[in-house]
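# Architecture at a glance
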Amino acid sequence: MNAWSAEEFEAQLRSIGEKRYHHLHPFNERMHTGLLTEEEFRGWVRNRFYYQVNLPVKDAFILTKLPGREDRRQWIQRITDHDGRTGDEGGIENWVRLGEAVGLTRRELFDRDSVLPGVRFAVDAYVDFCRQKPWLEAVASALTELFAPDLLSRRIADVQQHYPWIATDGLEYFRVRLTQQPKDIAHLLDLVINHAKSREQQDACVRALEFKCDVLWSLLDTVQLAYSKNS
């Protein structure tokens, strides 16, 4: 089977999000229309934190496998963006601020034993995927950032409109990602499009991205089942 052109391959990758990205999940849709209870919102923030703290872990696995120095230099910024550094608290700490804004303590957020089993299973599977798979497939799995590019700005606006009990400074994570995400997407696309030359490699990248969509969807399935009374 012939390889897709770069344009066809990118179109295939983008088409996955039209049906499988988690912005379409009923829980996410309810969040953005103001229908979540405080317990539901708090449950999402608490369990999503397990995903957030594992992002630099999976990025570290990918970093060790990238073939080029320049790409490693760019990729390591993703780890710093989440873990932070002196003078920049980073995304994990910003998510802690969100947790505190919805009524969670730092201790509750970092208590891994209280993470829902389904969330832990999905996130651990994603980290293990990035550890075991070839770097190209692991990078492709991160391309979920391609989908719903306006989701971050919508989330800020919708939370401020529908959940006034959440302090606005708790939304700093999403504000910071507004500037980080475009750079991440450009690097991800460049890596995947330029290195997946055979149809076999391209198909593997598509499957990797579908898997990541399933991880994010499963996370919300678990949270919805645990916290939504009408699920």
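Residues numbered from 1 in each chain as written. Predicted model: local features only at pLDDT ≥ 70, side-chain atom pairs only at ≥ 80, totals over all residues. Heavy atoms only, no water.

Threshold: UniProt positions are given in the numbering used here, feature names are shortened, and annotations may be inferred rather than shown by experiment.
Taking an unreviewed UniProt entry as the reference, the protein chain is identified by name as Pyrroloquinoline-quinone synthase belonging to Streptomyces brasiliensis. Listed under Catalytic activity (unreviewed entry) in UniProt, the entry text for the protein chain is "6-(2-amino-2-carboxyethyl)-7,8-dioxo-1,2,3,4,7,8-hexahydroquinoline-2,4-dicarboxylate + 3 O2 = pyrroloquinoline quinone + 2 H2O2 + 2 H2O + H(+)". Under the Function (unreviewed entry) heading, UniProt states for the protein chain: "Ring cyclization and eight-electron oxidation of 3a-(2-amino-2-carboxyethyl)-4,5-dioxo-4,5,6,7,8,9-hexahydroquinoline-7,9-dicarboxylic-acid to PQQ."

### Some words on helix H5 (residues 90-101)
Put simply, the test is: Strands here are runs of E lasting at least two residues and helices are runs of H or I lasting at least four, both read from the DSSP assignment and numbered beginning at the N terminus. Expected span of a helix, by definition, is 1.5 Å for each gap between consecutive residues, and there is one gap fewer than residues. Burial classification: accessible surface area is computed with a 1.4 Å probe over protein chains only, and a residue below 20% of its type maximum counts as buried, one above 50% as exposed, and the rest as partly exposed. The contact definition used throughout considers only heavy atoms, calling two residues in contact when any of these lie within 4.5 Å.
Under the 1.5 Å per step criterion, the end-to-end length of H5 is 17 Å for 12 residues, consistent within 8% with the ideal 16 Å. For H5, the full list of buried residues reads Gly-90, Gly-91, Ile-92, Asn-94, Trp-95, Val-96, Leu-98, Gly-99 and Ala-101. Packing partners of the buried residues in H5 comprise helix H3 (38-63), helix H4 (69-83), helix H6 (106-110) and helix H10 (172-195). Once H5 ends, the next one or two residues include Gly-103, with phi positive near 105°.

### Brief notes about the packing of H3 against helix H11 (residues 199-227)
Keep this limit in mind: The convention used is that axes are lines fitted to C-alpha atoms, helices contributing only their stretch in contact, and that angles between N-to-C directions extend from 0 to 180 degrees. Here a crossing is taken to be left-handed if its near helix is turned anticlockwise relative to the far helix by less than a right angle, and right-handed if that turn runs clockwise. Gly is put with the polar residues, along with every residue not named as nonpolar or charged; the nonpolar set is Ala, Val, Leu, Ile, Met, Phe, Trp, Tyr, Cys and Pro, and the charged set is Asp, Glu, Lys and Arg.
Between H3 and H11, the least distance of the axes is 10 Å, while the angle of their chain directions is 145°. When you trace H3 past H11, the crossing you get is right-handed. Contacts between H3 and H11 involve Glu-39, Glu-40, Gly-43, Trp-44, Asn-47, Arg-48 and Tyr-51 on the former and, on the latter, Lys-212, Leu-216, Leu-219, Leu-220, Val-223 and Tyr-227. Class assignment for the residues of the contact of H3 with H11 results in 7 nonpolar, 2 polar and 4 charged.

### Digging into the nonpolar core
Using the following cut-off: Residue types Ala, Val, Leu, Ile, Met, Phe, Trp, Tyr and Cys, when buried and joined through side-chain atoms within 4.5 Å, form a set referred to as a nonpolar core.
With 74 residues, the main nonpolar core has Phe-9, Phe-41, Trp-44, Val-139, Phe-174 and Val-192 as its most contacted residues. With 11 residues, H11 is the largest single contributor of residues to this core. Setting aside residues no more than four positions away along its own chain, Phe-9 makes contact with Trp-4, Val-192, Ile-193, Ala-196, Gln-202, Cys-205 and Val-206.

### Observations concerning the environment of Arg-78
Mapped onto the elements of the fold, Arg-78 is located in helix H4. Given a relative accessible area of 7%, Arg-78 falls into the buried group. With 103 residues separating them along the chain, Arg-78 and Gln-181 place their C-alpha atoms 9.8 Å apart. When sequence neighbours within four positions are dropped, the list of residues in contact with Arg-78 reads Lys-58, Asp-59, Ala-142, Glu-145, Asp-184 and Leu-188.

### A word on the packing of aromatic side chains
Each aromatic ring pair is summarised here by two numbers: the centre-to-centre distance and the angle between the ring planes. Threshold: Any pair of Phe, Tyr and Trp rings, taking the six-membered ring for Trp, is counted once the centres come within 6.5 Å. Such a pair is stacked with planes under 30 degrees apart, edge-to-face with planes over 60 apart, and tilted for the rest. Whether a charge sits over a ring comes down to the Lys NZ or Arg CZ being within 6 Å of the ring centre and within 35 degrees of the ring normal.
Summed over all chains, the structure comprises 12 aromatic pairs. Taking the centre distance of 5.5 Å and the plane angle of 65° together, the rings of Trp-44 and Trp-95 count as edge-to-face. Residue Trp-44 is found in helix H3, and its partner Trp-95 is found in helix H5; the two are separated by 51 residues along the sequence. Of the two residues, Trp-44 and Trp-95, neither departs from the other in class, the shared state being buried. Between Tyr-173 and Phe-174, the ring centres sit 5.5 Å apart and the planes meet at 85°, which makes this aromatic pair edge-to-face. Summarising the burial analysis for this pair, Tyr-173 and Phe-174 share the class buried. One aromatic cluster is present, formed by Phe-41, Trp-44, Trp-95, Tyr-163, Trp-165, Tyr-173 and Phe-174 through successive ring pairs. Above the face of the Trp-4 ring, Arg-199 is positioned so that its terminal group lies 3.8 Å from the ring centre.

### Overview of the UniProt feature "domain: Thiaminase-2/PQQC" (unreviewed entry) in the protein chain
Mapped onto the present numbering, the UniProt feature "domain: Thiaminase-2/PQQC" (unreviewed entry) falls at residues 11-221. Taken end to end, residues 11-221 comprises 74% helix and 0% strand; its first and last C-alpha atoms sit 27 Å apart.

### Description of empty space enclosed by the protein
It is a probe the size of a water molecule, rolled over the atoms, that shows where empty space is left. The criterion, for reference: As defined here, a cavity is a set of points on a 1 Å grid over the protein atoms alone where a 1.4 Å probe fits but cannot get out. A pocket is an open set with protein on both sides within 12 Å along at least five of seven lines, and residues line them when an atom is within 4 Å of a point. Grid points are joined across faces, edges and corners, and a volume is the space filled by probe spheres set on the points.
Overall, the coordinates contain 2 cavities of 30 Å³ or more when judged by the stated rule. Each pocket or cavity is described by its volume, and for the largest cavity that value is around 420 Å³. Residue lining of the largest cavity: 29 residues in total, with Arg-48, Glu-145, Tyr-173, Arg-177 and Gln-181 positioned closest to the centre. Of all elements in the fold, only H3, H4, helix H9 (151-162), H10 and H11 reach the threshold of two or more residues within the lining of the largest cavity. The element contributing the most residues to the lining of the largest cavity is H3, with 6 residues. Here the residues of the lining of the largest cavity are counted per class, giving 14 nonpolar, 5 polar and 10 charged.

### Regarding the side chain of His-187
Position of His-187 among the secondary structure elements: in helix H10. Once residues within four sequence positions are removed from consideration, His-187 is found in contact with Asp-71, Gln-74 and Trp-75.

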